[in-house]
Amino acid sequence: MKKLAITLLISALTTLGSVTPVVAAEKKTTGKTTVVAGSSKKVLAQKAGTRNKPVARSSKKKPLQAGATARKGRVARKSASVRKVAALPEEWEGGNPALGSASVLVMDQHSGVPLLEKNAQVVVPIASISKLMTAMVVLDAGLNLNEVINISDEDVDYLKGTRSRLKVGSAMTRDTALLLALMSSENRAANALGRHYPGGLPAFVAAMNRKASALGMSHTRFEEPTGLSVNNVSTARDLARMVVAAHQYPKIREYSTMAGARVDLGHRILDFNNTNVLVKNPGWQIGLSKTGYISEAGRCLVMQTWVADKPVVMVLLDSDGKMTRVGDATRIKRWMESADGGRRNTGA
């Protein structure tokens with residue numbers, strides 16, 4: 001009887017040992033399928049190769065489970081970290097939103113009263129924000145917008161080496177060039193507008209600086225119409241004045257806020273998009289928009305928009321990071337729409 005009991009015990013243990021690897025293999029296969037479903041072909045190939053390995057490795061059940069638990073712990077900590085980072089922008093500094101832009105001005109468009117300022121008096125490069133002045137000078141001149149102008153080698157950016165989809169020899173109306181300069185910040189289009197001005201580029205740049213002076217932009221200087229030059233400089237306060245002035249031009253309002261446009265250049269048809277993603281956001285009511293970027297200026301954004309039932313001008317300069325200017329604008333909007341922000345803005 002004793003020998004029979006030992007034999008039965010050995011048989012039971014053997015049976016349990018043979019079941020464990022199968023269960024472990026099924027669990028790993030299920031988990032693998034979930035991962036592979038959202039993975040690239042490269043990962044799929046790696047997973048396929050892994051499945052061909054001997055099932056004997058399934059006998060290491062406990063180490064694999066421990067590893068899986070550790071991975072789950074890391075994923076959980078990572079998710080918590082992501083949530084924490086996402087919440088950081090909601091934190092305020094001294095009652096104001098924490099902003100990543102180096103220079104900021106938010107101004108009530110009607111009264112001209114600043115609602116939020118940060119280094120608003122500092123003179124900095126303004127990149128393609130310059131194109132708002134380019135557009136005003138073109139429209140002030142009363143030039144024929146249906147006149148065809150050409151892109152030449154003189155419009156190619158040899159200063160920064162930026163690319164353009166407008167090939168040398170492309171022809172378009174002055175109106176189309178204005179659209180592309182404002183909406184998609186086309187440098188060649190902006191330079192061509194200045195080059196086709198009566199008297200050429202020198203006369204055009206002189207007109208830009210006269211206009212700035214007339215608007216009271218005493219700390220602003222333009223060297224060319226695109227903003228590629230680091231010598232196109234201004235302050236957030238001066239640019240707020242420029243935005244208010246540019247907002248009076250229906251074409252600038254229309255073209256700078258268009259989400260996209262399909263343009264027939266004769267030899268081909270191209271689709272262009274707005275460089276400000278916020279114009280496509282239904283949560284925003286934007287009446288004018290312009291972005292800018294060169295390395296010396298950082299990411300810049302100016303807008304006329306309605307927030308908390310009031311028209312405001314936002315100027316965000318030298319933002320560090322591709323989406324920082326958009327994030328700052330969103331944080332300012334939330335701050336103004338909050339109860340506390342609304343009370344501060346009204347002076348109550």
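Here the structure is a predicted model, which is why all the values come from computation and not from measurement. (Residues numbered from 1 in each chain as written. Predicted model: local features only at pLDDT ≥ 70, side-chain atom pairs only at ≥ 80, totals over all residues. Heavy atoms only, no water.)

**Q** When you look at the overall build of the protein in this model, what are you seeing that I'm missing?
**A** Scanning the protein from N- to C-terminus turns up eleven helices and 13 strands. Counting across all 348 residues of the protein, residues that qualify as buried make up 43%. Summarising the internal contacts of the protein: among those between residues at least 6 apart in sequence, 62% fall at separations of at least 24. With an accessible surface of roughly 18400 Å², the protein has 56% of that area assigned to carbon and sulfur atoms. (Helix = DSSP H or I, 4+ residues; strand = E, 2+ residues; numbered from the N terminus. Buried < 20%, exposed > 50% of the residue type's maximum accessible area, 1.4 Å probe, protein only. Contact = heavy atoms within 4.5 Å. Areas by Shrake-Rupley, 256 points an atom, 1.4 Å probe, with all protein chains shown as cover.)

**Q** Hey, could you run me through the packing of aromatic side chains in this one?
**A** A ring pair, where both rings are aromatic, is described by two values, the distance of the centres and the angle of the planes. Counted under the stated rule, the structure contains one aromatic pair. Between Tyr197 and Phe204 the ring centres are 5.1 Å apart and the planes differ by 80 degrees, which places this aromatic pair in the edge-to-face class. The two residues Tyr197 and Phe204 agree in class, both being buried. The ring of Tyr293 has Arg299 lying over it, and the distance from NZ or CZ to the ring centre is 4.0 Å. (Phe/Tyr/Trp six-rings, centres within 6.5 Å; stacked < 30°, edge-to-face > 60°. Lys NZ or Arg CZ within 6 Å of the ring centre and 35° of its normal.)

**Q** Would you mind going over the confidence of the model for the protein with me for this structure?
**A** Low-confidence regions, as indicated by low pLDDT, have predicted coordinates that should not be scrutinised in detail. For the protein, mean pLDDT is 79; residues scoring 70 or higher make up 70% of the total. Below pLDDT 50 for its whole length, residues 1–90 participates in 21 contacts with residues either more than four positions away or in separate chains. Segment residues 340–348: pLDDT under 50, and 14 contacts once partners within four positions in sequence are set aside and those in other chains are kept. (pLDDT = per-residue confidence, 0-100.)

**Q** I'm lost on the sheet that holds strand β13 (residues 310–319) in this one. Help?
**A** Where strands meet in a sheet, backbone hydrogen bonds hold them as pairs that are either parallel or antiparallel. Taken in spatial order, the five strands line up as β4-β3-β13-β12-β11 in an open sheet, and their pairing is antiparallel. Looking at which strands have only one partner, the edges of the open sheet turn out to be β4 (114–118) and β11 (286–294). In this sheet, adjacent strand axes meet at a mean angle of 10 degrees when their direction is disregarded. Each of β3 (101–108), β4, β11, β12 (298–307) and β13 is contacted by helix α10 (residues 324–337), which is oriented at about 145 degrees to β13, the strand it contacts most. (Pairing = 2+ DSSP bridges. Axes fitted to C-alpha atoms, helices over the stretch in contact; angles between N-to-C directions.)

**Q** Even after reading the chapter, I still don't get the packing of helix α5 (residues 174–183) against helix α9 (residues 250–257), so can you show me in this structure?
**A** Helix-helix packing: each pair is described by the crossing angle between the helix axes and the interaxial distance. Where α5 contacts α9, the two axes come as close as 7 Å, and the packing angle between them is 60 degrees. Comparing the axis directions of α5 and α9 gives the class oblique. Two packed elements cross with a definite hand, and for α5 against α9 that hand is right-handed. Where α5 approaches α9, its residues Asp175, Leu178, Leu179, Leu182 and Met183 are matched on the opposing element by Lys251, Ile252, Tyr255 and Ser256. Tallied by class, residues from the contact of α5 with α9 come to six nonpolar, one polar and two charged. (Parallel < 35°, antiparallel > 145°, perpendicular 65-115°, else oblique. Left-handed = near helix turned anticlockwise from the far one by under 90°. Nonpolar A, V, L, I, M, F, W, Y, C, P; charged D, E, K, R; others polar.)

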